Amino acid sequence: MNTAEHTLTILVNNQPGVLSRVAGVFSSRGYNIRTLCVAETQDAAVSRITVTSRADGDFTDKIKKQLEKLVDVIEVLDYSGPGYTHRELMLLRVRLQKEKLSELIRAVEILGCRILVRHKDSLVLEVTGDREETAAVFAYLEQFGVLEANRTGYIALDAGPMVAAADSPYPVRVA
């Protein structure tokens, strides 16, 4: 059967036990949660749960119906595929070696990382991007010695229709 990665964002009432019930829907149907990110929205009473999972084509319809039955679920949205902005944050602690310092600093600048903390023997770096971008940064920085890494998993938003703006190199959303 043809499996693909699916990204669901679930708006829920910010109540104890909601995350456990949402995760229970996935596990009871045999779906593995690959990434999970949960945070309050602009309204502290509402949280957004973003979940990615690899599954067959009818996964979204099946899981949406089950999630929508949960009392504290407000809305379930499928943010899979094009038309959605996906990003993850990765923090890395990279070994700091005097003989490779200038090369590491150049790599940090070229790769778009941000230095958060400089310790005597390491740098803590921040990078955001899609999964392929963060994986490429990680792979490149391994040559310097990645001591520790942590990734958020995907967060996602509907990008809406995009067009090129005449005065900007960046696409803009059409209202």
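See the structure shown above.
Summarised in this report is the structure supplied together with it. In this numbering scheme, every chain counts its residues from 1 along its sequence in written order. Totals for whole chains, interfaces and linings use every residue, but because this is a predicted model, local features are given only for residues with pLDDT of at least 70 and side-chain atom pairs only at 80 or more, for both listing and counting. Based on all heavy atoms of the structure, the side-chain values leave hydrogens and waters out of the count.

## So, the side chain of threonine 35
Next up, step 1: Topologically, threonine 35 is positioned in strand 2 (residues 35-40).
Next up, step 2: Judged by relative accessible area, which is 15%, threonine 35 ranks as buried.
Next up, step 3: Here a polar contact is taken to be a pair of N or O atoms separated by no more than 3.5 Å, where protein atoms must pair a possible hydrogen donor with a possible acceptor and residues adjacent in sequence count only if both atoms sit in side chains. At 2.5 Å, the side chain of threonine 35 and the side chain of threonine 52 are in polar contact.
Next up, step 4: Residues contacting threonine 35, with those up to four places away along its chain left out, are Thr50, Val51, Thr52, Arg131, Gly153 and Tyr154. Numbering of helices and strands starts at the N terminus; helices are DSSP runs of H or I of at least 4 residues and strands are runs of E of at least 2. Buried, partly exposed and exposed residues are distinguished by accessible area as a fraction of the type maximum, computed with a 1.4 Å probe on protein chains only: under 20%, between the cut-offs, and over 50%, respectively. Here, residues are in contact when the closest pair of their heavy atoms is within 4.5 Å.

## Quick notes on a nonpolar patch on the surface
Next up, step 1: A cluster of nonpolar side chains, Leu19, Leu36 and Val38, forms an exposed patch at the surface whose accessible area comes to about 210 Å².
Next up, step 2: Tracing the backbone through its elements, the reader meets valine 38 in strand 2. Residues enter patches when they are more than 30% accessible in relative terms and free of salt bridges; like-charged ones are connected within 9 Å and nonpolar ones (Val, Leu, Ile, Met, Phe, Trp, Tyr) within 5 Å. Here the accessible surface of atoms and residues is derived via Shrake-Rupley with a 1.4 Å probe, and residues count as covered only by protein chains that are part of the display. By definition, a salt bridge exists where a carboxyl oxygen of Asp or Glu is found within 4 Å of a side-chain nitrogen of Lys or Arg.

## Section: the packing of helix 3 (residues 101-111) against helix 4 (residues 131-141)
Next up, step 1: Every axis corresponds to a line fitted to the C-alpha atoms, with the helix fit spanning only the stretch in contact, and the corresponding angles, defined between N-to-C directions, vary from 0 to 180 degrees. Close contact between helix 3 and helix 4 brings their axes to 11 Å; oriented N to C, the two are set at 170°. Regarding the angle of helix 3 to helix 4, the classification is roughly antiparallel. Every residue of helix 4 that contacts helix 3 at Leu104, Ala107 and Leu111 is listed here: Val137, Tyr140 and Leu141.
Next up, step 2: For this scheme, ten residues count as nonpolar: Ala, Val, Leu, Ile, Met, Phe, Trp, Tyr, Cys and Pro. Four count as charged, namely Asp, Glu, Lys and Arg, and the remainder, Gly too, count as polar. Counted by class, the contact of helix 3 with helix 4 contains six nonpolar, no polar and no charged residues. Each angle is binned into one of four classes, with values under 35 degrees roughly parallel, values over 145 roughly antiparallel, values of 65 to 115 roughly perpendicular, and all other values oblique.

## With respect to the environment of phenylalanine 26
Next up, step 1: As for its position among the elements, phenylalanine 26 is in helix 1 (residues 18-28).
Next up, step 2: The class for phenylalanine 26 is buried, based on a relative accessible area of 0%.
Next up, step 3: For the pair phenylalanine 26 and proline 82, spaced 56 residues apart in sequence, the C-alpha separation works out to 24 Å.
Next up, step 4: Residues within four places of phenylalanine 26 in sequence aside, it is in contact with Leu8, Tyr31, Ile33, Val51, Ser53, Phe59, Ile63 and Leu67.

## Some points on the nonpolar core
Next up, step 1: Within the largest apolar cluster, 17 residues are counted, with the highest numbers of intra-cluster contacts made by Ile10, Val22, Phe26, Phe59, Ile63, Leu67 and Val73.
Next up, step 2: When contributions to this core are tallied by element, the ones reaching two or more residues are strand 1 (3-13), helix 1, strand 3 (46-56), helix 2 (59-68) and strand 4 (73-78).
Next up, step 3: If you tally residues by element for this core, the top one is helix 1, at four residues.
Next up, step 4: Grouped together as the second largest cluster of nonpolar side chains are 14 residues, Met90, Leu125, Val127 and Leu141 included. Buried Ala, Val, Leu, Ile, Met, Phe, Trp, Tyr and Cys residues form a nonpolar core when they are joined through side-chain atoms within 4.5 Å.

## Thoughts on helix 4
An α-helical segment advances 3.6 residues per turn. Residues three or four places apart therefore align on the same side.
Next up, step 1: Among all positions of helix 4, only Arg131, Thr134, Val137 and Leu141 are buried. Projection of helix 4 onto a plane perpendicular to its axis shows the buried side chains occupying an angular sector of 130°, all on one side.
Next up, step 2: Its side-chain oxygen placed 3.1 Å from the backbone nitrogen of glutamate 132, aspartate 130 serves as the N-cap of helix 4. In this description, the arc belongs to the directions extending from the helix axis to the C-beta atoms.

## Topic: the pattern of salt bridges
Next up, step 1: Applying the stated criterion to the full structure yields six salt bridges.
Next up, step 2: For glutamate 5, the salt bridge identified is with arginine 34, shortest N-O distance 2.6 Å. Of this pair, glutamate 5 sits in strand 1 while arginine 34 sits in the loop between helix 1 and strand 2, and the two are 29 residues apart along the sequence.
Next up, step 3: A relative accessible area of 22% places glutamate 5 in the partly exposed class.
Next up, step 4: Aspartate 72 is the salt-bridge partner of arginine 21, the closest N and O atoms lying 3.1 Å from each other. With a gap of 51 residues between them, arginine 21 in helix 1 and aspartate 72 in the loop between helix 2 and strand 4 connect regions that are remote in the sequence.

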